[in-house]
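One letter stands for each residue in the lines below.
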Amino acid sequence: MPAYRGRFAPSPTGPLHAGSLVAALASWLDARAHGGSWLIRIEDVDVPRCVAGADQVILHQLQTCGFVSDEAPVWQSTRTALYRTALDQLIAHALAYPCACSRKDVELALQEMGAPRERHAELVYPGTCRAGLTGKNPRAWRLRTDLRSIYIENRPLAPVEYALSAIFLEASNPTTSILQWHDRWLGPQTQNLPQAVGDFVLYRADGLFAYQLAVVVDDAAQGITDVVRGADLADNTARQIALQRLLGLPQPRYLHTPLVLSASGEKLSKQNAALALDLSNPMIALNEAASVLGLARQSGAQADGLAAWVKEWRSLMLVNSTSIPA
Ligand SMILES: [Zn+2]
C-alpha cells in the first residue's frame, strides 16, 4: 500500500466556517493518525465564485489551528494544463462529447420526456447531444455515464481499458449502472450515475474546467490515498470514481464527515454567511469541531489537545497500529 497522503482542499469563496473546520480537523487527524502527509490545495478553479484574498485568510486560519501543509500548497488555477490533458484523453477515446444545450434546453428536454422535476433539484442531463450537435455550436464538454467500464470493479488499470470503455450500457437495464463504493464514515454507498446525475460537465460553457475533473486530476497527480471532507461533497464521489476509472487513475479511500447545522437546523455554508469562525482562542473552535466528530473535549494546551485527538482518532477509526510509527 502506498504511504498515506491526505489533503484539505478548501474553495476560497470566503473564510473557513465552523463546518469547514470540522473537515479540516478530520483530514489533519486522519493523516497524523496514519503517520502520513497532509497537504493543502486551494480549489480556485471556479473563478467567478472565488473571493480575492480568501485563500490567504484560509491558510492563516489553518495555521492558527496548528494545521500546516507538509508540502507547499497548490492552487488549482495554476494547473489548467493538467486538466486540459485529461479532457483531451477522454475526448480522444470518445468518452466525452460536446454539448450545445443551455440550461433552458435541458429543462425543455426533460419536460418533453415527462421527467418529474423537483424544485431546486439538480437537472439530470438527458443525453441530448450524445448523438451529435446537429449543426449547433458546442458550449461545454460532458462525460458519457453509460460506459460499461465505469461500473466494473477491480479491473486492471491499463490504457487498453480505453478501448473497452467505449462499450455502452443497455439503456433498458438500469441496474447495470449502479456504482458502489465504501465510505469510511458513512459505510457502503451506491449511486445510479446515469439516473441521478446523467452525463456531467467536464468543461463549462464559460471556458472553465469543472470541479469534478480538476479534483480527480489533482488527487491523482498529488498521490492522494485518502480523501477526508465534508458530507456536503459526498454526492460528488460517484462522479469522481467514474472519472478515475475512465482515466486509469487510482481510487483513493473516502471519508465524509458530518455536517454542522445552524441553530435553525440548516447546513452551514458560506452563502448564509455562516458565522465567521472566531479563532481568538483556537481551542474553543477546535473543541466544537472535535465534538461533531465524536471526540472528547480537551482543556489543555492546543498542541496537547491535538495530540490527544490524534490518539483518539486512531483508536476510533481502527487505524492499523502496526503501520504507524509511535
Ligand atoms: Zn447538450
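Source: prediction; values computed, not measured.

1. Thoughts on the pairing of strand β2 (residues 37-42)
Strand residues, when the strand is regular, have side chains that alternate between the two faces of the sheet.
Link 1 in the chain: Burial runs high along β2: 5 of the 6 residues are buried.
Link 2 in the chain: Here 4 bridges tie strand β1 (residues 5-8) to β2, and the two strands are oriented parallel to one another. Within β2, the residue paired with Gly 6 across the bridge is Trp 38.
Link 3 in the chain: Handedness of the crossover joining β1 and β2 through helix α1 (residues 18-33): right-handed.
Link 4 in the chain: Two strands pair when backbone bridges link them, and β2 and strand β3 (residues 74-75) are joined in this way by 2 bridges, in the parallel orientation. Pairing of Arg 41 across the sheet is with Val 74, part of β3.
Link 5 in the chain: You can see the chain leave β2, run along helix α2 (residues 54-64) and come back into β3, and the turn it takes is right-handed.

2. Brief notes about the environment of Leu 29
Link 1 in the chain: Mapped onto the elements of the fold, Leu 29 is located in helix α1.
Link 2 in the chain: Leu 29 sits in the buried class, given 26 other C-beta atoms within 10 Å.
Link 3 in the chain: Sequence-wise, Leu 29 and Val 228 are 199 residues apart; in three dimensions their C-alpha atoms are separated by 9.9 Å.
Link 4 in the chain: Leaving out residues up to four positions away in the same chain, Leu 29 has contacts with Trp 309, Val 310 and Trp 313.

3. Here's the deal with α2
Side chains of residues three or four places apart in an α-helix project in the same direction, reflecting 3.6 residues per turn.
Link 1 in the chain: Residues of α2 that are buried: Asp 55, Ile 58, Gln 61 and Leu 62. For α2, the angular spread of the buried residues around the axis is 125°, confining them to a single face.
Link 2 in the chain: Those residues of α2 hidden inside the fold are in contact with α1 and β2.

4. What about the packing of α1 against helix α10 (residues 302-316)?
Link 1 in the chain: Relative orientation of the contacting elements α1 and α10 amounts to 75°, with a least axis distance of 9 Å. Classified by the interaxial angle, the pair formed by α1 and α10 is roughly perpendicular. Side by side, α1 and α10 meet where Leu 29, Asp 30, Arg 32 and Ala 33 of the first sit next to Trp 309, Val 310, Trp 313 and Arg 314 of the second.

5. Points about the packing of α1 against helix α9 (residues 282-292)
Link 1 in the chain: Interhelical geometry of α1 versus α9 gives an angle of 75° and a closest axis separation of 9 Å. On the basis of their axis angle, the class for α1 and α9 is roughly perpendicular. Residues Ala 18, Leu 21, Val 22 and Leu 25 of α1 lie in contact with α9, whose contacting residues are Ala 285, Leu 286, Glu 288, Ala 289, Ala 290 and Val 292.
Link 2 in the chain: When its residues are assigned to classes, the contact of α1 with α9 shows 9 nonpolar, no polar and 1 charged.

6. Examining the confidence of the model for the chain
Link 1 in the chain: Considering every residue of the chain, the mean pLDDT works out to 89; 87% of them sit at 70 or more.
Link 2 in the chain: Scored below 50 in pLDDT, residues 321-326 shows 5 contacts in the model against residues more than four places distant or in partner chains.

7. Digging into the sheet that holds strand β4 (residues 96-99)
Link 1 in the chain: Spatial strand order, β4-β5-β8: 3 strands in an open sheet with antiparallel pairing. In this open sheet, the two strands that pair with only one neighbour each are β4 and β8 (201-203). The mean inter-strand angle of the sheet, taken between neighbouring strand axes irrespective of direction, is 45°.
Link 2 in the chain: Relative to β8, strand β5 (residues 140-143) runs antiparallel, the two sharing 2 bridges. Counterpart to Arg 142 in the pairing with β8 is Val 201.

What counts, and at which threshold
- Throughout, a residue's number is its position along its own chain's written sequence, starting from 1.
- The model is predicted, so local features are restricted to residues of pLDDT at least 70 and side-chain atom pairs to those at 80 or more, both for listing and for counting; the totals for chains, interfaces and linings are taken over all residues.
- With C-beta atoms placed from the backbone, a residue is buried if 20 or more other C-beta atoms are within 10 Å of its own, exposed if 12 or fewer are, and partly exposed between those counts.
- By the criteria applied, helices consist of DSSP H or I runs no shorter than four residues and strands consist of E runs no shorter than two, each listed in order from the N terminus.
- Here the rule is simple: two strands pair whenever DSSP picks up at least two bridges between them.
- Note on handedness: a clockwise path from strand one over the helix to strand two, with the strands aimed away from the viewer, defines a right-handed crossover.
- Contact criterion: two residues are in contact if their C-beta atoms, reconstructed from the backbone, are within 7 Å.
- This arc corresponds to the set of directions leading from the helix axis out to the C-beta atoms.
- Axis angles are defined between N-to-C directions and span 0 to 180 degrees, where every axis is a line fitted to C-alpha atoms and, for a helix, only to the segment in contact.
- With respect to orientation, any angle under 35 degrees is reported as roughly parallel, any angle over 145 as roughly antiparallel, any angle of 65 to 115 as roughly perpendicular, and every other angle as oblique.
- Throughout this entry, Asp, Glu, Lys and Arg are counted as charged residues, while Ala, Val, Leu, Ile, Met, Phe, Trp, Tyr, Cys and Pro are counted as nonpolar. The remaining residues, Gly among them, count as polar.
- Scored from 0 to 100, pLDDT reflects the predictor's confidence in each residue.

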